[in-house]
Amino acid sequence: MRFSYSPAKRPVLPVTLSFGSESGTWDPLVDSGADVNTMPWSVGEALRAQWDLRKATLRLAGTLAGTSAMPLLVSAKIGELPLVRLAFAWCQTDQVPLILGQTNFFMEFDVCFFRSRLEFSVVPKGQGSA
């Protein structure tokens, strides 16, 4: 699947996230420079996830250093592509953007950026070139 973007908006990808019986559609940033998928507090809350202090042990780096986060596994659906499980660092703040990063979005999909055309493509891993 191909998606267009603008230099001002950056590459975002409409994705439906599901957790238990709850689901919603968001436009996370596709960021090949991000080590992990991150999720702001309000998205996890909308999915009715429960904060568990025993799991709130993820150590984030860079501008997110010091932010409390816990792992949250959700199902993700992008257009007609197969459903996948994505692991997020669910952060206890809304000062964190919703990001699809190296762990594990880029492990599940091959992503190719065509900067000169302001497009990017997303293909499930092992299903040909992006």
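All figures in this text were calculated on a predicted structure; none of them were measured in a lab.

Looking at this structure, how should I read the nonpolar core?
Among the nonpolar cores identified, the biggest contains 29 residues, and Leu13, Leu17, Met39, Phe105 and Val122 are the most heavily contacted of them. Listed by contribution, the elements that provide at least two residues to this core are strand 2 (15-19), strand 6 (69-77), strand 7 (84-91), helix 2 (105-108), strand 9 (109-114) and strand 10 (119-124). With residues near it in sequence (within four places) discarded, Val122 still touches Met1, Phe3, Leu13, Leu81, Phe105, Phe109, Asp110 and Val111. Of all hydrophobic cores here, the second largest spans 6 residues; its members include Leu60, Ala89, Cys91 and Val96.

Is there a simple way to think about the pairing of strand 9 in this case?
One face of the sheet, then the other: side chains in a regular strand alternate in exactly this way. As paired strands, strand 9 and strand 10 are joined by 6 bridges and run antiparallel to one another. Paired with Cys112 across the strands is Ser121, a residue of strand 10. Taken together, strand 9 and the strand that follows it, strand 10, pair antiparallel across an intervening segment of 4 residues, in which Leu118 is found at a positive phi of about 55°.

Whenever I open this one, the packing of aromatic side chains confuses me. Can you help?
Any pair of aromatic rings gets described here by the distance separating the centres and the angle formed by the planes. Summed over all chains, the structure comprises 8 aromatic pairs. Judged by centre distance (4.8 Å) and plane angle (10°), the rings of Trp41 and Trp90 are stacked. Placement of the pair is Trp41 in helix 1 (residues 41-46) and Trp90 in strand 7, with a sequence separation of 49 residues. Residue classification places Trp41 among the partly exposed positions, given a relative accessible area of 23%. Residue Trp90 is classed as buried on the basis of its relative accessible area, which comes to 0%.

Just checking my understanding: could you explain the pairing of strand 2 for this structure?
The sheet contact formed by strand 2 and strand 3 (residues 22-26) spans 5 bridges and is antiparallel. Each residue of the ladder has a partner; that of Thr16, found in strand 3, is Thr25. Here strand 2 folds back onto strand 3, and the loop between the two strands holds 2 residues, one of which, Gly20, carries a positive phi near 60°. Bridge analysis of strand 2 against strand 6 gives 3 bridges, and the strand direction is antiparallel. Within the sheet, the bridge partner assigned to Thr16 lies in strand 6 and is Lys77.

Hey, could you run me through the side chain of Thr38 in this one?
Structurally, the position occupied by Thr38 is in strand 5 (residues 37-39). Thr38 sits in the buried class, given a relative accessible area of 3%. Within the structure, the side chain of Thr38 is placed 2.8 Å from the backbone oxygen of Pro97, a separation counted as a polar contact.

Calculation rules
The residue count restarts for each chain, going from 1 along the sequence in the order it is written. Totals for whole chains, interfaces and linings use every residue, but because this is a predicted model, local features are given only for residues with pLDDT of at least 70 and side-chain atom pairs only at 80 or more, for both listing and counting. Neither water nor hydrogens contribute to the side-chain values; these are computed over all heavy atoms in the structure. Note on terminology: a nonpolar core comprises buried Ala, Val, Leu, Ile, Met, Phe, Trp, Tyr and Cys residues joined through side-chain atoms within 4.5 Å. Each residue is assigned to one of three classes by its accessible area relative to the maximum for its type, calculated with a 1.4 Å probe on protein chains only: buried under 20%, partly exposed between the two thresholds, exposed over 50%. Numbering of helices and strands runs from the N terminus, with a helix taken as a DSSP run of H or I at least four residues long and a strand as a DSSP run of E at least two residues long. Throughout, a contact is declared for two residues whenever any of their heavy atoms are within 4.5 Å. The rule for pairing is simple: two strands pair if DSSP sees at least two bridges between them. Stacked, tilted and edge-to-face are the three classes applied to pairs of Phe, Tyr and Trp rings, where Trp contributes its six-membered ring and a pair requires centres within 6.5 Å; stacked means planes under 30 degrees apart, edge-to-face means over 60, and tilted covers the rest. N or O atoms within 3.5 Å of each other form a polar contact, as long as, within protein, one can give a hydrogen and the other can take it, and as long as residues adjacent in sequence are counted only when both atoms are side-chain atoms.

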